[in-house]
Amino acid sequence: MSNILTFDWGGTFLKFALIDEQGSITQKDKVPSPNFFKGATKDDFLKVIDNVVERFKGSIEGIAISAPGILDDKTGYMYSSGYLLYLTDSSICKEFKERYGLPVSIQNDGKCAALAEFKSGSLVGCKNAAVVILGTGIGGGLIINGALYRGNIGAAGEYSYLCIDSNNCLSQEAYWGVYGVKKLCQYVASCTGESAEDLDGVKVFERAENDEEKVLQGLKMYTDSLAVQIFNLSILLDLEKIAIGGGISASPLLLQTLKQSMEFFRKNSPQAKYLPLLFNPELVVCKYKNDANLLGAYQHFNLLKKNGEL
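Parameters and conventions
Residues numbered from 1 in each chain as written. Predicted model: local features only at pLDDT ≥ 70, side-chain atom pairs only at ≥ 80, totals over all residues. Heavy atoms only, no water. Helix = DSSP H or I, 4+ residues; strand = E, 2+ residues; numbered from the N terminus. Buried < 20%, exposed > 50% of the residue type's maximum accessible area, 1.4 Å probe, protein only. Contact = heavy atoms within 4.5 Å. Lys, Arg positive; Asp, Glu negative; His and termini not counted. Charge placed at Lys NZ, Arg CZ, Asp CG, Glu CD. Disulfide = S-S within 2.5 Å. Core = buried A, V, L, I, M, F, W, Y, C linked by side-chain atoms within 4.5 Å. Axes fitted to C-alpha atoms, helices over the stretch in contact; angles between N-to-C directions. Parallel < 35°, antiparallel > 145°, perpendicular 65-115°, else oblique. Left-handed = near helix turned anticlockwise from the far one by under 90°. Nonpolar A, V, L, I, M, F, W, Y, C, P; charged D, E, K, R; others polar. Salt bridge = Lys/Arg side-chain N within 4 Å of Asp/Glu carboxyl O. Pairing = 2+ DSSP bridges.

### Considering the overall build of the chain
Part 1 of the reasoning: Each helix and strand in the chain was counted, giving eight helices and twelve strands.
Part 2 of the reasoning: Across its three principal directions, the C-alpha atoms of the chain cover 55 × 45 × 40 Å.
Part 3 of the reasoning: For the chain, with 310 residues in total, the buried portion stands at 50%.
Part 4 of the reasoning: Within the chain, counting contacts between residues at least 6 apart in sequence, those at least 24 apart form 64% of the total.
Part 5 of the reasoning: Treating the 31 positive side-chain charges of the chain as one cloud and the 35 negative ones as another, the clouds have centres 3 Å apart.

### Concerning the side chain of Q229
Part 1 of the reasoning: Relative to the elements of secondary structure, Q229 occurs in helix 6 (residues 213-237).
Part 2 of the reasoning: A relative accessible area of 10% places Q229 in the buried class.
Part 3 of the reasoning: When sequence neighbours within four positions are dropped, the list of residues in contact with Q229 reads I164 and W176.

### Some points on the environment of V52
Part 1 of the reasoning: With respect to the secondary-structure elements, V52 resides in helix 1 (residues 42-56).
Part 2 of the reasoning: Residue class for V52 comes out buried when judged on its relative accessible area of 5%.
Part 3 of the reasoning: Each C-alpha atom, one on V52 and one on F16, is 8.2 Å from the other, the two residues being 36 residues apart in sequence.
Part 4 of the reasoning: With residues near it in sequence (within four places) discarded, V52 still touches L5, F7 and F16.

### Thoughts on the state of the cysteines
Part 1 of the reasoning: Inspection of the entire model under this criterion finds zero disulfides.
Part 2 of the reasoning: Of all cysteine sulfurs in the structure, the one in C112 sits closest to C93, which takes part in no disulfide; the separation is 11 Å.
Part 3 of the reasoning: Sulfur of C286: no disulfide; nearest cysteine sulfur belongs to C126 and is 11 Å away.
Part 4 of the reasoning: The class for C286 is buried, based on a relative accessible area of 0%.

### A word on the nonpolar core
Part 1 of the reasoning: Within the largest apolar cluster, 37 residues are counted, with the highest numbers of intra-cluster contacts made by V132 and L134.
Part 2 of the reasoning: Of all the secondary-structure elements, those providing two or more residues to this core are strand 8 (129-134), strand 9 (138-144), helix 4 (181-192), helix 5 (201-208), helix 6, strand 11 (241-245) and helix 7 (252-268).
Part 3 of the reasoning: The element that contributes the greatest number of residues to this core is helix 6, accounting for seven residues.
Part 4 of the reasoning: Apart from the residues within four sequence positions on either side, V132 is in contact with I138, G139, Y159, W176, L233, I242, A243, I244 and G245.
Part 5 of the reasoning: Core analysis: the next-biggest nonpolar cluster, separate from the first, contains 29 residues, F7, A40, F45 and L87 among them.

### Some thoughts on the packing of helix 1 against helix 2 (residues 92-100)
Part 1 of the reasoning: Interhelical geometry of helix 1 versus helix 2 gives an angle of 50° and a closest axis separation of 12 Å. With respect to each other, helix 1 and helix 2 are oriented oblique. Our pair here, helix 1 against helix 2, has a crossing hand that is right-handed. Residue-level inspection shows K42, F45, L46, I49, D50 and V53 of helix 1 in contact with helix 2, the latter providing E95, F96, R99 and Y100.
Part 2 of the reasoning: Residue composition of the contact of helix 1 with helix 2, by class: six nonpolar, no polar and four charged.

### So, the pattern of salt bridges
Part 1 of the reasoning: Under the counting rule described, the total for this entry stands at 14 salt bridges.
Part 2 of the reasoning: In this structure, R150 and D73 form a salt bridge, with 2.8 Å as the shortest nitrogen-oxygen distance. Placement of R150 in the loop between strand 10 (147-149) and helix 4 and of D73 in the loop between strand 4 (60-67) and strand 5 (77-78) is noted, with a sequence separation of 77 residues between them.
Part 3 of the reasoning: On the basis of relative accessible area, R150 is assigned to the partly exposed category, the value being 25%.
Part 4 of the reasoning: Assessed through its relative accessible area of 3%, D73 is described here as buried.
Part 5 of the reasoning: Through salt bridges with shared partners, a single ionic network connects E194, R207 and E212.

### Things to note about the pairing of strand 11
A regular strand places its side chains so that they alternate between the two faces of the sheet.
Part 1 of the reasoning: With five of five residues buried, strand 11 lies mostly within the body of the structure.
Part 2 of the reasoning: Of the two faces of strand 11, both are covered, the one formed by K241, A243 and G245 as well as the one formed by I242 and I244.
Part 3 of the reasoning: The pairing of strand 11 with strand 12 (residues 282-285) spans four bridges and is parallel. By the bridge assignment, A243 is partnered in strand 12 with V284.

### Some remarks on the sheet that holds strand 9
Part 1 of the reasoning: The five strands are arranged 10-9-8-11-12 in an open sheet whose pairing can be described as mixed. Here the strands that pair on one side only, and so sit at the sheet edges, are strand 10 and strand 12. Averaged over all neighbouring strand pairs, the angle between strand axes comes to 25°, with direction disregarded.
Part 2 of the reasoning: Summarising the sheet, strand 9 and strand 10 pair through three bridges and their orientation is antiparallel. What sits directly across from L142, in strand 10, is Y149.
Part 3 of the reasoning: Most of the contacts of helix 3 (residues 109-120) go to strand 9, to which it runs at about 45°, and overall it touches strand 8, strand 9 and strand 10.

See below:
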């Protein structure tokens, strides 16, 4: 009974997997996330988790969680919780340990992805690197001086809170967190004339891969905006490599278009001629794609267990 039930909580889906002692995913599924903005509560959320835990009861020895927001990965306290706002100010590890009678770990989702990619994925051997996860929001994790960087309260790599429009800083739209898949759909809709609500990442890339001109135009608008923020990260931290993750990273067209946006920006920025190397981090796709958060959460659980902290 050495399986770990591993969660990846997002604003759209709550993904979960059973991972064995070799670190292999043996079962995987997902359920819709209770939507705070449509009236869902923490109790609604816990009922969903109860059903998942019950499904694997008796075959697991612990629970490992990847979650959005700023959190203390030692105590499990969540200062913020991304789109799962009903979890803010929760001590998840303590609550779940009491509720399920199992050891529980939690780590920020972007940091989980960074852990997985740094240990055995696209960032192996890097000294200074980052992951950028394109999901409901923008997740992230940083590898600095060859180790996961947490910062003072665990907020390092929380790209969603970066203000990217100083002229509109009192609006939610001014922050990078809204530039997830929803923003991609908005850009595409602005070019096609349809409603963004009728689009999702899968539909956008299916049509883009069929060379729909206006969809490709919207995709380029999205990657142009993303390229500017990747430029900012690279300038701030002097990164050698940046790994792009999230569901939409499964399409090769995303990385291809993003590289084109980066190259255009690198060649045409008025600053590029002074320090050209700073504008050229290597862009790659996360090796583990949608599984990066799950695997990173599992690794974090094992690290705490090894250190006697569970």
